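# Coordinate inspection notes
As a plain string of letters, each chain reads:
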Amino acid sequence: MNKIETEALSIENLSCDFLTVEGIVYALSGVNLHLNRGEIHGLVGESGCGKSVTSRAILGLLDKKRTRLGGAIRFDGKDLLSLSEKEMRSIRGRRISMIFQDPLNSLSPLETVGNQIEEAMSNHLSLSPEELHDRTAVLLEKVGLHPDTSARYPFELSGGMQQRVMIAQAVCCNPELLIADEPTTALDVTIQAQVLNLLKSLQKELSLTVLLITHNFAVVAENCDRVSVMYAGRIVETAPARSLIENAAHPYSRALIDCIPRSHAGGNALPVIPGFPPRLYDPPAGCPFAPRCGKADDACAVMPPLTAIGSGDTNAGGDRYVSCHHLEA
Ligand SMILES: Nc1ncnc2c1ncn2[C@@H]1O[C@H](COP(=O)(O)OP(=O)(O)OP(=O)(O)O)[C@@H](O)[C@H]1O
Ligand SMILES: [Mg+2]
C-alpha cells in the first residue's frame with residue numbers, strides 16, 4: 001500500500017497566526033503530523049503548545065477573519081484548508097468528528113440526549129424518524145448506557161455518562177477520524193479508565209483513526225499506537241508510543257517523561273523543566289526549546305527539521321521523527 005492509502009490524515013507545515021489587538025500570536029509554526037489509518041495517535045505537550053488549535057484547524061473551526069492559516073491538512077486526497085464552509089460542513093461530524101473535554105459545555109442543556117444524537121445523525125444521514133430512534137437506542141447501548149437515557153437531559157447524568165453521550169454522538173455517523181481533546185481529564189480515575197476502554201473498543205469495532213489529545217503519558221502508554229510531542233506550536237518528536245516512553249530522543253520529550261510521578265521515587269521531589277515556553281508573540285527563529293535545554297549550543301539558532309531516524313521501530317507501528325540537532329544515542 002502506498003502512503004495515501006495508509007494515511008488517514010496528513011498535516012504538512014501547518015501554521016496558524018491569530019491576529020489580535022495586542023499583536024500576532026504565532027500559535028502554530030510548521031506542524032507536521034501524519035495519522036495512520038486505524039491507529040490511536042496521542043498528542044501531548046504542555047498547556048498552550050497548540051494541541052487544541054491543531055484540532056480546531058483540522059475541523060475548520062477557527063474564526064477565518066481573525067486567523068491566518070498556512071500549509072495543508074490532507075484528508076482523502078483533499079486539502080481541508082482549501083474547502084468552502086459548505087464542503088467542511090459535509091465532513092465535520094460525518095467523516096471527522098470531535099469529543100471535547102467538557103461535555104456539559106458541548107451538549108445543549110435544553111434538549112434530551114436522544115434528540116441531540118438524532119439531530120447529529122439527521123444532519124448527515126437520510127433516515128426516517130423510526131430509524132433515527134432505533135439507531136439512537138443501539139448507539140446508547142454501544143456506549144454502555146440504557147436506551148431509556150434517550151429521554152433524559154444532560155444535567156441529569158453523571159460526568160462519565162455525559163462523556164458516553166458525547167462519544168455516541170461523535171460516532172453516530174460512522175466517522176473515519178475521531179479527535180478526542182482531553183476527553184477524560186474532567187473525570188475521576190476509574191471513570192476515566194472506563195471511558196478510555198470504551199473509546200478503544202469502539203475504535204477497533206468501527207476501524208476508527210483517533211487523535212487523542214492528553215497531558216497524561218499513562219493514557220498514552222495504555223491506549224496509543226504512536227504519539228507526537230508538541231512544543232511551542234511545533235511537533236518535536238513522533239514515535240511508536242512505547243518506544244517514545246521508554247527511550248525518548250528529543251530532550252523535551254525526555255524532560256516531559258522525567259516529570260511523570262513514579263511510585264518508587266522514594267519521596268524525591270519531581271524534576272521540573274526549568275524556564276518557560278517562549279512567548280508566541282515573537283517566537284525564536286531557531287529551536288524554541290533551546291533556552292530550556294541542557295544540550296543547546298550555537299547550532300540550535302537554526303530550526304532543526306523534523307527528520308526520520310532509525311529503522312528498527314517499524315514493527316512497533318511506525319517510524320520515529322525528531323526535530324533536534326543533538327539526538328540522544
Ligand atoms: N482565538 C485565539 N486568539 C489568540 N490566541 C489564541 C486563540 N486560541 C488559542 N490561542 C493561543 O494559542 C496557543 C495554543 O493554544 P491551545 O488552546 O491550542 O493550547 P493547548 O495545547 O490545547 O493547551 P491546553 O493543554 O491548556 O488545552 C495559546 O498560547 C493560546 O493562548
Ligand atoms: Mg487544549
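Summarised in this report is the structure supplied together with it. (Residues numbered from 1 in each chain as written. Chains lettered and ligands numbered in written order. Predicted model: local features only at pLDDT ≥ 70, side-chain atom pairs only at ≥ 80, totals over all residues. Heavy atoms only, no water.)

## Here's the deal with the state of the cysteines
Applicable threshold: By definition, disulfides here are pairs of cysteine sulfur atoms that lie within 2.5 Å.
By the definition in use, this model includes zero disulfides. Here C287 is not disulfide-linked; the sulfur of C300 is the nearest cysteine sulfur, at 5.9 Å.

## Let's talk about the nonpolar core
The line we're drawing: As used in this record, nonpolar core signifies buried Ala, Val, Leu, Ile, Met, Phe, Trp, Tyr and Cys residues forming a set joined through side-chain atoms within 4.5 Å. A 1.4 Å probe rolled over the protein chains alone gives each residue an accessible area, and that area as a share of the maximum for its type sets the label: buried under 20%, exposed over 50%, partly exposed in between. A run of H or I in DSSP counts as a helix once it spans at least four residues, and a run of E counts as a strand once it spans at least two, with each numbered from the N terminus. Residue contacts are counted whenever heavy atoms from the two residues lie within 4.5 Å of one another.
Core analysis: the largest hydrophobic core is formed by 56 residues, its most contacted members being I99, I117, I167, L212, L244 and Y252. Broken down by element, this core gets its largest block of residues, six residues, from helix α7 (residues 159-171). If near-sequence neighbours (up to four positions away) are discounted, Y252 is found in contact with G45, E46, V229, M230, Y231, V236, I273 and F289. Judged by nonpolar contacts, the second largest core, of 30 residues, contains L35, I58, L62 and I213.

## Overview of the packing of α7 against helix α8 (residues 189-205)
As a reminder of what qualifies: Angles run from 0 to 180 degrees between N-to-C directions of axes, and those axes are lines fitted to C-alpha atoms, restricted for helices to the stretch in contact. Roughly parallel refers to an angle under 35 degrees, roughly antiparallel to one over 145, roughly perpendicular to one between 65 and 115, and oblique to any angle outside these ranges. Handedness of a helix crossing follows the sense of rotation of the near helix relative to the far helix, less than a right angle counterclockwise being left-handed and clockwise being right-handed. Residues are grouped as follows: nonpolar covers Ala, Val, Leu, Ile, Met, Phe, Trp, Tyr, Cys and Pro; charged covers Asp, Glu, Lys and Arg; every other residue, Gly included, is treated as polar.
The interhelical angle for the contact between α7 and α8, taken along N-to-C directions, is 15°, at an axis separation of 10 Å. Viewed along their axes, α7 and α8 adopt a mutual orientation that is roughly parallel. Crossing of α7 over α8 shows right-handed handedness. Within the contact between the two elements, α7 uses G160, Q163, R164 and I167 and α8 uses I191, Q194, V195, L198, L199 and L202. Across the contact of α7 with α8, the residue classes tally to six nonpolar, three polar and one charged.

## Some remarks on the sheet that holds strand β1 (residues 7-20)
Let me state the cut-off plainly: A strand pair is defined by DSSP finding two or more bridges across the two strands.
One open sheet accounts for four strands, arranged β2-β1-β4-β5; its pairing is antiparallel. Edge strands, defined here as strands with exactly one partner in the open sheet, are β2 (23-36) and β5 (78-79). With respect to the sheet, helix α2 (residues 51-58) is in contact with β1, β2 and β4 (67-75), its orientation differing from that of β1 by roughly 110°.

## Let's talk about the side chain of K51
Heads up, the condition is: The charge count treats Lys and Arg as positive and Asp and Glu as negative. His and the chain ends do not count. The rule for a salt bridge is simple: a side-chain nitrogen of Lys or Arg has to be within 4 Å of a carboxyl oxygen of Asp or Glu.
Position of K51 among the secondary structure elements: in helix α2. Of the side chains with opposite charge, E182 comes closest to the buried, unpaired K51, at an N-O distance of 4.6 Å. Setting aside residues up to four positions removed in sequence, K51 forms contacts with L43, V44, G45, E46, E182, I213, H215 and M230.

## Things to note about the site of ligand 1
The condition is simple: The rule for a residue being near a molecule or strand is that one of its heavy atoms must lie within 4 Å of it. Think of a polar contact as two N or O atoms within 3.5 Å of one another; within protein, one of them needs to be a possible hydrogen donor and the other a possible acceptor, and neighboring residues in sequence only count if both atoms come from side chains. Here the Shrake-Rupley method, with its probe set to 1.4 Å, supplies the accessible areas, and only the displayed protein chains count as covering residues.
Close to ligand 1 lie 14 residues; S47, G48, K51, S52 and V53 are nearest. Between S47 and ligand 1, the recorded distance is 2.5 Å, taken from a side-chain N or O atom to an oxygen atom. Between H215 and ligand 1, the recorded distance is 3.1 Å, taken from a side-chain N or O atom to an oxygen atom. Compared with its free state, where it exposes 640 Å², ligand 1 has 63% of that area covered by protein. Elements represented by at least two residues in the shell around ligand 1 include exactly β1 and α2. With three residues, the top contributor of residues to the shell around ligand 1 is α2.

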